[in-house]
Amino acid sequence: MSDTPDLSTVRERLAAVRSRIAEVTDRPVRIVAVTKTHGWDVVDLAMRAGVEDVAENYAQELVAKARDLTTHVPGAEPSWHFIGRLQSNKVRSIAGLVRCWESIDRSSVADEVARRAPGARVMVQLDLAGIAGRGGCPPGDAPALVDRCRASGLDVVGLMGVGPPGDPEHSRPAFRQLVALADELGLPERSIGMSGDFLVAAEEGATSVRLGTALFGPRPAR
Ligand SMILES: *Cc1c(COP(=O)(O)O)cnc(C)c1O
(Lines give C-alpha, C1' and ligand atoms only; values in the text may rest on other atoms or scores of the structure.)
Protein backbone atom coordinates (compact mmCIF):
# COMPACT_ATOMS: atom_id res chain seq x y z
CA MET A 1 0.00 0.00 0.00
CA SER A 2 1.11 3.54 -0.54
CA ASP A 3 -0.32 6.90 0.39
CA THR A 4 0.13 10.07 -1.56
CA PRO A 5 2.26 12.31 0.65
CA ASP A 6 1.22 15.88 1.33
CA LEU A 7 3.07 18.98 0.19
CA SER A 8 4.72 19.74 3.51
CA THR A 9 6.06 16.18 3.72
CA VAL A 10 7.55 16.40 0.22
CA ARG A 11 9.05 19.81 1.06
CA GLU A 12 10.62 18.43 4.24
CA ARG A 13 12.04 15.39 2.45
CA LEU A 14 13.42 17.58 -0.30
CA ALA A 15 15.06 19.92 2.18
CA ALA A 16 16.56 16.94 4.04
CA VAL A 17 17.96 15.50 0.79
CA ARG A 18 19.42 18.88 -0.18
CA SER A 19 21.10 19.38 3.16
CA ARG A 20 22.57 15.88 3.16
CA ILE A 21 23.96 16.49 -0.32
CA ALA A 22 25.38 19.85 0.79
CA GLU A 23 27.25 18.03 3.56
CA VAL A 24 29.23 16.02 1.03
CA THR A 25 29.75 18.42 -1.89
CA ASP A 26 29.85 22.11 -2.75
CA ARG A 27 28.83 21.46 -6.34
CA PRO A 28 25.20 22.01 -7.28
CA VAL A 29 23.30 18.73 -7.72
CA ARG A 30 19.97 18.86 -9.55
CA ILE A 31 17.15 16.80 -8.12
CA VAL A 32 15.04 14.98 -10.68
CA ALA A 33 11.74 13.70 -9.27
CA VAL A 34 10.88 10.17 -10.43
CA THR A 35 7.10 9.83 -10.57
CA LYS A 36 6.58 6.45 -12.24
CA THR A 37 3.39 4.67 -11.12
CA HIS A 38 2.26 7.78 -9.22
CA GLY A 39 -0.51 9.97 -10.63
CA TRP A 40 -0.45 13.50 -12.01
CA ASP A 41 -1.05 14.78 -8.48
CA VAL A 42 2.42 13.68 -7.41
CA VAL A 43 3.94 15.54 -10.37
CA ASP A 44 2.00 18.60 -9.23
CA LEU A 45 3.33 18.12 -5.68
CA ALA A 46 6.90 17.92 -6.94
CA MET A 47 6.48 21.11 -8.91
CA ARG A 48 4.83 22.94 -6.02
CA ALA A 49 7.76 21.86 -3.84
CA GLY A 50 10.06 23.54 -6.35
CA VAL A 51 11.27 20.64 -8.51
CA GLU A 52 11.05 21.34 -12.24
CA ASP A 53 12.66 18.17 -13.56
CA VAL A 54 10.34 15.18 -13.50
CA ALA A 55 11.21 11.72 -14.83
CA GLU A 56 9.10 8.90 -16.20
CA ASN A 57 9.95 5.34 -17.23
CA TYR A 58 7.05 4.32 -19.48
CA ALA A 59 5.99 6.13 -22.64
CA GLN A 60 2.26 5.45 -22.36
CA GLU A 61 2.22 6.46 -18.72
CA LEU A 62 4.03 9.71 -19.55
CA VAL A 63 1.57 10.60 -22.30
CA ALA A 64 -1.44 9.97 -20.04
CA LYS A 65 0.06 11.72 -17.04
CA ALA A 66 1.11 14.81 -18.99
CA ARG A 67 -2.43 15.03 -20.36
CA ASP A 68 -4.01 14.60 -16.91
CA LEU A 69 -1.65 17.15 -15.43
CA THR A 70 -2.55 19.86 -17.92
CA THR A 71 -6.24 19.06 -17.50
CA HIS A 72 -6.04 19.56 -13.73
CA VAL A 73 -3.33 22.21 -13.62
CA PRO A 74 -3.55 24.28 -16.81
CA GLY A 75 -0.19 25.58 -17.91
CA ALA A 76 1.81 23.13 -15.76
CA GLU A 77 4.87 22.20 -17.74
CA PRO A 78 7.50 20.14 -15.97
CA SER A 79 10.75 19.50 -17.72
CA TRP A 80 10.11 15.84 -18.49
CA HIS A 81 13.03 13.41 -18.49
CA PHE A 82 12.67 9.95 -19.92
CA ILE A 83 14.63 7.36 -17.93
CA GLY A 84 13.03 4.03 -18.86
CA ARG A 85 13.85 1.42 -21.45
CA LEU A 86 13.12 3.06 -24.75
CA GLN A 87 11.42 1.20 -27.55
CA SER A 88 11.84 2.76 -30.97
CA ASN A 89 8.13 2.45 -31.74
CA LYS A 90 7.26 4.54 -28.65
CA VAL A 91 9.62 7.42 -29.34
CA ARG A 92 7.22 9.28 -31.59
CA SER A 93 4.43 9.37 -28.99
CA ILE A 94 6.57 11.23 -26.46
CA ALA A 95 8.83 13.25 -28.76
CA GLY A 96 6.87 16.46 -28.18
CA LEU A 97 7.01 16.09 -24.39
CA VAL A 98 10.49 14.91 -23.43
CA ARG A 99 13.10 17.60 -22.66
CA CYS A 100 15.91 15.19 -21.81
CA TRP A 101 16.25 11.61 -23.08
CA GLU A 102 18.44 9.98 -20.44
CA SER A 103 18.19 6.37 -21.52
CA ILE A 104 19.72 6.25 -24.99
CA ASP A 105 21.45 2.86 -25.01
CA ARG A 106 21.58 1.66 -28.59
CA SER A 107 21.95 3.10 -32.04
CA SER A 108 18.45 2.20 -33.25
CA VAL A 109 16.94 4.27 -30.44
CA ALA A 110 19.40 7.12 -31.00
CA ASP A 111 18.47 7.21 -34.68
CA GLU A 112 14.74 7.24 -33.92
CA VAL A 113 15.08 10.05 -31.36
CA ALA A 114 17.16 12.04 -33.88
CA ARG A 115 14.41 11.51 -36.46
CA ARG A 116 11.44 12.36 -34.21
CA ALA A 117 13.06 15.03 -32.01
CA PRO A 118 15.85 16.61 -34.06
CA GLY A 119 18.61 18.17 -31.96
CA ALA A 120 17.15 16.82 -28.70
CA ARG A 121 19.06 16.86 -25.43
CA VAL A 122 20.15 13.30 -24.65
CA MET A 123 22.30 11.22 -22.34
CA VAL A 124 23.79 7.85 -23.07
CA GLN A 125 22.88 5.26 -20.46
CA LEU A 126 25.60 2.89 -19.31
CA ASP A 127 24.93 -0.59 -18.00
CA LEU A 128 26.81 -0.30 -14.70
CA ALA A 129 25.41 -3.33 -12.98
CA GLY A 130 25.96 -5.82 -15.77
CA ILE A 131 22.35 -6.94 -15.45
CA ALA A 132 20.99 -7.96 -18.86
CA GLY A 133 17.63 -6.45 -19.66
CA ARG A 134 17.92 -3.55 -17.22
CA GLY A 135 18.95 -1.13 -19.96
CA GLY A 136 22.17 0.69 -20.68
CA CYS A 137 24.98 -0.05 -23.10
CA PRO A 138 28.20 -1.76 -22.07
CA PRO A 139 30.59 1.06 -21.03
CA GLY A 140 32.99 0.04 -23.79
CA ASP A 141 30.32 0.75 -26.41
CA ALA A 142 29.52 4.24 -25.10
CA PRO A 143 32.13 6.25 -27.05
CA ALA A 144 30.82 4.95 -30.39
CA LEU A 145 27.21 5.54 -29.35
CA VAL A 146 28.04 9.10 -28.24
CA ASP A 147 29.68 9.68 -31.64
CA ARG A 148 26.66 8.34 -33.44
CA CYS A 149 24.29 10.58 -31.46
CA ARG A 150 26.46 13.61 -32.17
CA ALA A 151 26.68 12.75 -35.86
CA SER A 152 22.91 12.60 -36.06
CA GLY A 153 22.62 16.10 -34.58
CA LEU A 154 21.57 15.15 -31.04
CA ASP A 155 22.82 17.33 -28.19
CA VAL A 156 24.66 14.80 -26.03
CA VAL A 157 24.98 16.36 -22.59
CA GLY A 158 26.03 13.48 -20.37
CA LEU A 159 25.93 9.90 -19.17
CA MET A 160 23.30 8.19 -17.04
CA GLY A 161 23.64 5.05 -14.98
CA VAL A 162 21.89 2.91 -12.37
CA GLY A 163 24.10 1.52 -9.65
CA PRO A 164 24.03 -2.15 -8.70
CA PRO A 165 21.36 -3.04 -6.13
CA GLY A 166 22.15 -3.57 -2.46
CA ASP A 167 24.80 -1.80 -0.40
CA PRO A 168 25.21 1.79 -1.70
CA GLU A 169 28.97 1.33 -1.43
CA HIS A 170 28.70 -1.12 -4.34
CA SER A 171 27.67 1.84 -6.48
CA ARG A 172 30.84 3.78 -5.78
CA PRO A 173 33.22 2.07 -8.23
CA ALA A 174 30.47 2.03 -10.88
CA PHE A 175 29.82 5.76 -10.46
CA ARG A 176 33.57 6.45 -10.58
CA GLN A 177 33.80 4.58 -13.85
CA LEU A 178 30.90 6.59 -15.31
CA VAL A 179 32.35 9.93 -14.19
CA ALA A 180 35.78 9.07 -15.61
CA LEU A 181 34.22 8.14 -18.93
CA ALA A 182 32.13 11.34 -18.99
CA ASP A 183 35.35 13.32 -18.40
CA GLU A 184 37.06 11.47 -21.23
CA LEU A 185 34.18 12.14 -23.61
CA GLY A 186 33.83 15.80 -22.59
CA LEU A 187 30.30 15.33 -21.23
CA PRO A 188 29.35 17.66 -18.37
CA GLU A 189 26.22 15.90 -17.06
CA ARG A 190 26.34 12.79 -14.85
CA SER A 191 22.93 11.45 -13.90
CA ILE A 192 23.76 8.91 -11.18
CA GLY A 193 22.22 8.05 -7.85
CA MET A 194 18.73 7.06 -6.75
CA SER A 195 17.10 7.05 -3.30
CA GLY A 196 19.43 4.37 -1.95
CA ASP A 197 22.73 5.71 -3.21
CA PHE A 198 22.36 9.43 -3.97
CA LEU A 199 24.90 10.46 -1.34
CA VAL A 200 27.55 8.19 -2.83
CA ALA A 201 26.65 9.64 -6.23
CA ALA A 202 26.96 13.21 -4.94
CA GLU A 203 30.36 12.37 -3.47
CA GLU A 204 31.52 10.85 -6.75
CA GLY A 205 30.49 13.75 -8.99
CA ALA A 206 26.79 13.50 -9.81
CA THR A 207 25.33 16.59 -11.48
CA SER A 208 21.85 15.18 -11.01
CA VAL A 209 20.23 12.49 -8.88
CA ARG A 210 16.94 10.75 -9.71
CA LEU A 211 14.74 10.36 -6.64
CA GLY A 212 11.41 8.62 -6.26
CA THR A 213 11.02 6.85 -2.92
CA ALA A 214 13.10 9.40 -0.98
CA LEU A 215 10.61 12.13 -1.92
CA PHE A 216 7.28 10.35 -2.27
CA GLY A 217 7.56 7.16 -0.22
CA PRO A 218 6.77 3.69 -1.56
CA ARG A 219 5.39 3.51 -5.08
CA PRO A 220 1.90 2.22 -5.87
CA ALA A 221 1.99 -1.06 -7.77
CA ARG A 222 1.80 -0.63 -11.49
C1 LIG B 1 12.64 4.17 -10.51
C2 LIG B 1 13.92 4.79 -10.93
C3 LIG B 1 14.57 5.75 -10.12
C4 LIG B 1 14.07 6.17 -8.76
O5 LIG B 1 14.17 5.12 -7.84
P6 LIG B 1 14.04 5.37 -6.26
O7 LIG B 1 14.87 4.30 -5.68
O8 LIG B 1 12.61 5.29 -5.92
O9 LIG B 1 14.61 6.73 -5.98
C10 LIG B 1 15.72 6.33 -10.62
N11 LIG B 1 16.24 5.99 -11.81
C12 LIG B 1 15.67 5.07 -12.60
C13 LIG B 1 16.30 4.73 -13.90
C14 LIG B 1 14.51 4.43 -12.17
O15 LIG B 1 13.96 3.50 -12.96
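Here's what I pulled together on the structure shown here.

Calculation notes
- The numbers attached to residues start from 1 for each chain and follow its sequence in the written order.
- Under the rules for a predicted model, residues below a pLDDT of 70 receive no local features and side-chain atom pairs below 80 are neither given nor counted, while totals for whole chains, interfaces and linings still include all residues.
- Just so you know, side-chain values use all the structure's heavy atoms and leave hydrogens and water out.
- Each helix corresponds to a stretch of at least 4 residues labelled H or I by DSSP, and each strand to a stretch of at least 2 residues labelled E; elements are numbered beginning at the N terminus.
- Computation of the radius of gyration draws on C-alpha atoms, with the globule rule given as 2.2 Å multiplied by the number of residues to the power 0.38.
- Burial classification: accessible surface area is computed with a 1.4 Å probe over protein chains only, and a residue below 20% of its type maximum counts as buried, one above 50% as exposed, and the rest as partly exposed.
- We call two residues in contact when some of their heavy atoms are within 4.5 Å.
- Lys and Arg are tallied as positive, Asp and Glu as negative. Neither His nor the chain termini are counted.
- Taken as the charge centre is NZ of Lys, CZ of Arg, CG of Asp or CD of Glu, depending on the residue.
- What qualifies as a polar contact is a pair of N or O atoms within 3.5 Å, subject to a donor-acceptor requirement within protein and to the restriction that residues adjacent in sequence count only when both atoms come from side chains.

## Details of the overall build of the chain
Alright, step 1. Scanning the chain for helices and strands turns up nine helices and eight strands.
Alright, step 2. Relative to its length of 222 residues, the chain is compact, with a C-alpha radius of gyration of 17 Å against a globular reference of 17 Å.
Alright, step 3. Structurally, the chain occupies a C-alpha span of about 45 × 40 × 30 Å along its principal axes.
Alright, step 4. For the chain, buried positions account for 52% of its 222 residues.
Alright, step 5. Taking all contacts inside the chain whose residues are at least 6 apart in sequence as the whole, residues at least 24 apart take part in 60%.
Alright, step 6. When the 27 basic and 29 acidic side-chain charges of the chain are each reduced to a single mean position, those positions are 5 Å apart.

## Some details on the environment of H72
Alright, step 1. Looking at where H72 falls in the secondary structure, it is placed in helix α3 (residues 59-72).
Alright, step 2. Judged by its relative accessible area of 47%, H72 is partly exposed.
Alright, step 3. Taking C-alpha positions, H72 is 30 Å from P118, a pair spaced 46 residues apart along the chain.
Alright, step 4. A distance of 2.9 Å separates a polar side-chain atom of H72 from the backbone oxygen of D68.

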